[in-house]
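Spelled out from the first residue to the last, the chains are:
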Amino acid sequence: MKTTMLRSIQSSLTRANNSASSPSTHSLLRRGYSSESAPERKVTVLGAAGGIGQPLALLMKLNPLVSHLSLYDIAGTPGVAADVGHINTRSEVVGFMGEEQLGKALEGSDIVIIPAGVPRKPGMTRDDLFNINAGIVKSLCTAIAKYCPNALVNMISNPVNSTVPIAAEIFKKAGIYDEKKLFGVTTLDVVRAKTFYAGKARVPVEGVNVPVVGGHAGITILPLFSQATPKANNLSGEDLTALTKRTQDGGTEVVEAKAGKGSATLSMAYAGAIFADACLKGLNGVPDVVECSFVQSSITELPFFASKVRLGKNGIEEVLGLGPLSDFEKQGLESLIPDLKSSIEKGIAFANKS
Ligand SMILES: NC(=O)c1ccc[n+]([C@@H]2O[C@H](COP(=O)([O-])OP(=O)(O)OC[C@H]3O[C@@H](n4cnc5c(N)ncnc54)[C@H](O)[C@@H]3O)[C@@H](O)[C@H]2O)c1
Ligand SMILES: O=C(O)C[C@H](O)C(=O)O
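Summary of the structure given here. (Residues numbered from 1 in each chain as written. Chains lettered and ligands numbered in written order. Predicted model: local features only at pLDDT ≥ 70, side-chain atom pairs only at ≥ 80, totals over all residues. Heavy atoms only, no water.)

## Digging into the side chain of T186
Consideration 1: In this structure, T186 sits in the loop between β6 (182-184) and α8 (187-201).
Consideration 2: Among residues more than four places away in sequence, those in contact with T186 are G215, H216, C292, S293, F294 and A306. (Helix = DSSP H or I, 4+ residues; strand = E, 2+ residues; numbered from the N terminus. Contact = heavy atoms within 4.5 Å.)

## Some points on the pairing of strand β9 (residues 289-296)
Consideration 1: Across the eight residues of β9, seven count as buried, placing the element largely inside the fold.
Consideration 2: Alignment of β9 against strand β10 (residues 304-312), held across eight bridges, turns out to be antiparallel. For V295, the partnering residue across the bridge sits in β10 and is F305. (Buried < 20%, exposed > 50% of the residue type's maximum accessible area, 1.4 Å probe, protein only. Pairing = 2+ DSSP bridges.)

## Some details on the site of ligand 2
Consideration 1: The environment of ligand 2 is made up of R120, R126, N158, L188, R192, H216, G251, S263 and A264.
Consideration 2: Separating an oxygen atom of ligand 2 from a side-chain N or O atom of N158 is a distance of 2.8 Å.
Consideration 3: Measuring from an oxygen atom of ligand 2, one finds a side-chain N or O atom of H216 at 2.5 Å.
Consideration 4: Coverage of ligand 2 by the protein amounts to 95% of the 260 Å² it exposes when considered alone.
Consideration 5: Its residues placed into classes, the shell around ligand 2 shows two nonpolar, four polar and three charged. (Near = heavy atom within 4 Å. Polar contact = N/O pair within 3.5 Å; in protein donor to acceptor, adjacent residues only side chain to side chain. Areas by Shrake-Rupley, 256 points an atom, 1.4 Å probe, with all protein chains shown as cover. Nonpolar A, V, L, I, M, F, W, Y, C, P; charged D, E, K, R; others polar.)

## Notes on the packing of helix α3 (residues 53-61) against helix α11 (residues 266-283)
Consideration 1: α11 packs onto α3 with a crossing angle of 40° between their chain directions and a minimal axis gap of 8 Å. Relative to α11, the element α3 is oriented oblique. In this structure, α3 crosses over α11, and the sense of that crossing is right-handed. Mapping the contact onto sequence places P55, L56, L59 and M60 in α3 and L266, A269, Y270, G272, A273, A276 and L280 in α11.
Consideration 2: Class assignment of the residues belonging to the contact of α3 with α11 gives a composition of 10 nonpolar, one polar and no charged. (Axes fitted to C-alpha atoms, helices over the stretch in contact; angles between N-to-C directions. Parallel < 35°, antiparallel > 145°, perpendicular 65-115°, else oblique. Left-handed = near helix turned anticlockwise from the far one by under 90°.)

## Things to note about the packing of α8 against α11
For any two helices packed against each other, the geometry comes down to the angle between their axes and how far apart the axes lie.
Consideration 1: Relative to each other, α8 and α11 sit at 110°, their axes nearing to 8 Å. Comparing their axes, α11 and α8 come out roughly perpendicular. Considering how the two elements wind past one another, α8 and α11 form a crossing that is right-handed. On α11, the residues touching T187, L188 and V191 of α8 are S267, M268, Y270, A271, I274 and F275.
Consideration 2: Residues of the contact of α8 with α11, tallied by class, amount to seven nonpolar, two polar and no charged.

## Thoughts on the packing of aromatic side chains
Consideration 1: Inspection of the entire model under this criterion finds four aromatic pairs.
Consideration 2: Between F294 and F304, the ring centres sit 6.1 Å apart and the planes meet at 35°, which makes this aromatic pair tilted. One end of the pair, F294, is in strand β9; the other, F304, is in strand β10, with 10 residues separating them in the sequence.
Consideration 3: The exposure class of F294 is buried, given its relative accessible area of 0%.
Consideration 4: A cation sits over an aromatic face here: K138 above F350, 5.4 Å from the ring centre.
Consideration 5: Here the basic side chain of K346 rests over the ring of F130, its NZ or CZ set 4.6 Å away from the ring centre. (Phe/Tyr/Trp six-rings, centres within 6.5 Å; stacked < 30°, edge-to-face > 60°. Lys NZ or Arg CZ within 6 Å of the ring centre and 35° of its normal.)

This is the structure:
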């Protein structure tokens, strides 16, 4: 019963993966690539005792590609680690608490996932989190540069449109920046676009794919429903406009429903687990692993942009282009550029001030 449930969680994580073509964990296992023979991989979660951190720790504990799970926060991690550590899956779990233990938490990490920082309350924009979260991200990235400079970094902390450029600048200053290894996690936008599209088009959600490009705030989130599969012929222009708006406002929908008790945590943990799983598969040499992510990019005039990226043994193998856009999407792309540009510049300026 327990094994069946674990298998079903794992396979639904892989089935839901954006890349319909990437082999599932189960196909790897069937090919004799058992969790015992899968390479050792250390995944570290920074902010592991938080609303996202705890369910994300649980989902990473269920991932057979992880051999070491390191859980760090400024408080509360011993309890989370003891709890998650009792689950009878492959990884060894260690909790670390307080700045003096940050180095140990990070050493040897293959992937560092960062959901550390404050979430929104109703009436706030993601940019309103900048003043607190920029400093948190800066200090955590300084430590990553020192203790695990080769790790892939999955940035969840908001505002992602600024925290990713901050991380890049901190890594550049430390002389370790590799643009192939830094990712803003925008998977939740893809997860939402798939759910909302499937609901409106009345198609089974498991088979749905929708790329989401741009950034991760308001109108910078640009779902490309014209490229959604399976094609739905029952959606009007008005439906597509409404779907786009709902995807852009998905975070706010949750913030308002939680009425002061934070933002998306469970769906974000799910999305973060999907993205980390894709990074692990890429590192392990699985071919054709493709996910959307906010990365250093030259596909538009902006230095960072979310689009599909192909993941490989060194992180990003290829940043894929946007593909054909509808007139509505072309307009959306044009409108988002100034917003996204100023968030990126704000992050770069913050990281470079004294
Ligand atoms: N990228 C996305 O799609 C997405 C989705 C949802 C939430 N978020 C963002 O994720 C962040 C976390 O959200 P949450 O709901 O988990 O918040 P939370 O307050 O529940 O948890 C944040 C955790 O970070 C920890 N923390 C604070 N400073 C730290 C530091 N210096 N080092 C390590 N840990 C530290 C806190 O102790 C806390 O446990 C927010 O910024 C939120 O906006 C992003
Ligand atoms: O909306 C937020 O503040 C959190 C997150 O960015 C989300 O999209 O849910």
